[in-house]
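# Analysis of the macromolecular model
This is what each chain is made of:
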Amino acid sequence: IDDKFRNMIHQIRRLKITLYEQELQKQKIEMDYLKIQIRPHFYMNCLNFIYNTIDLGKYTQASRMSVMTAEYMRYLFNNGRDFVCIWEELEHIGHYLEIQKLRFEHAFDYYLEQEGETRGARIPPLVIQTFVENCIKYAVDLDSVLQITVTVFSEEMNGIPYTNICITDTGPGFSSQILEQLTDQKKYMEEETGHIGISNTIKRLYYTYGDRASISFYNGPVKG
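An account of the accompanying structure is given in this report. These numbers were taken from a predicted model, which means no experiment stands behind them. (Residues numbered from 1 in each chain as written. Predicted model: local features only at pLDDT ≥ 70, side-chain atom pairs only at ≥ 80, totals over all residues. Heavy atoms only, no water.)

## Some details on the packing of aromatic side chains
For the structure on display, the rule yields eight aromatic pairs. When the centroid spacing of 5.6 Å and the interplanar angle of 80° are considered together, the rings of Phe42 and Tyr43 count as edge-to-face. Among the residues examined, Tyr43 registers a relative accessible area of 12% and is labelled buried. With a centroid separation of 6.0 Å and an interplanar angle of 55°, the aromatic rings of Phe131 and Phe217 are classed as tilted. Of this pair, Phe131 sits in helix 5 (residues 127-139) while Phe217 sits in the segment after helix 8 (196-209), and the two are 86 residues apart along the sequence. Each of the two residues, Phe131 as well as Phe217, counts as buried. Pairwise contacts between aromatic rings join Phe42, Tyr43, Tyr72 and Tyr96 into one cluster. (Phe/Tyr/Trp six-rings, centres within 6.5 Å; stacked < 30°, edge-to-face > 60°. Buried < 20%, exposed > 50% of the residue type's maximum accessible area, 1.4 Å probe, protein only. Helix = DSSP H or I, 4+ residues; strand = E, 2+ residues; numbered from the N terminus.)

## Details of the environment of Cys166
Among the structural elements, Cys166 can be located in strand 5 (residues 160-169). Separated by 49 residues in sequence, Cys166 and Ile215 have C-alpha atoms that sit 9.9 Å apart. Dropping the residues within four chain positions of it, Cys166 is found in contact with Thr149, Val150, Thr151, Phe153 and Tyr218. (Contact = heavy atoms within 4.5 Å.)

This is a description of form; function is not addressed.
So this is what it looks like as structure tokens:
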């Protein structure tokens, strides 16, 4: 009995260490992700846009950019929460896309929709933004109008209710190399792929939900 008791204590200690290490890793990932979001060049571009439009007498555009930039930064710097409601994240995405529309004008359109049943659903902050930013970064083409869509709806799998977040665009889609890398997501998290945002988001979802969350990447039947 004494040996079994000592063995049990040893297992409990190992479990505590493992849980502590996992929590530290999760916190490091969160900190790394927030560092990624604080990008001086993005804010400088916004400020330069405001300055230039004022200089040209386009006061309505300058005012709009000022408001959207302030709302965008407020969400980042006031967000110390582990979870946010998806509607808050979508509102933030709207501010980001309005900033980009002011910069790129008619280069893209967007549509955000959330089913009423998912109104109370919560996620780690800035998860959706990563993929919307990728749409802007890799898919915007001034020769054609890009369509970006984010839809949130409820569904049931094996009798368990889930919230489905679907992000699509009409751009060129993922390269075959990237799609191949993304099929093994655990390996993708460990490799230096250069796509820090996607890798970090996969890690955040994994450490937050484990097997209770899944993420999939695919190209559309035509493109995007």
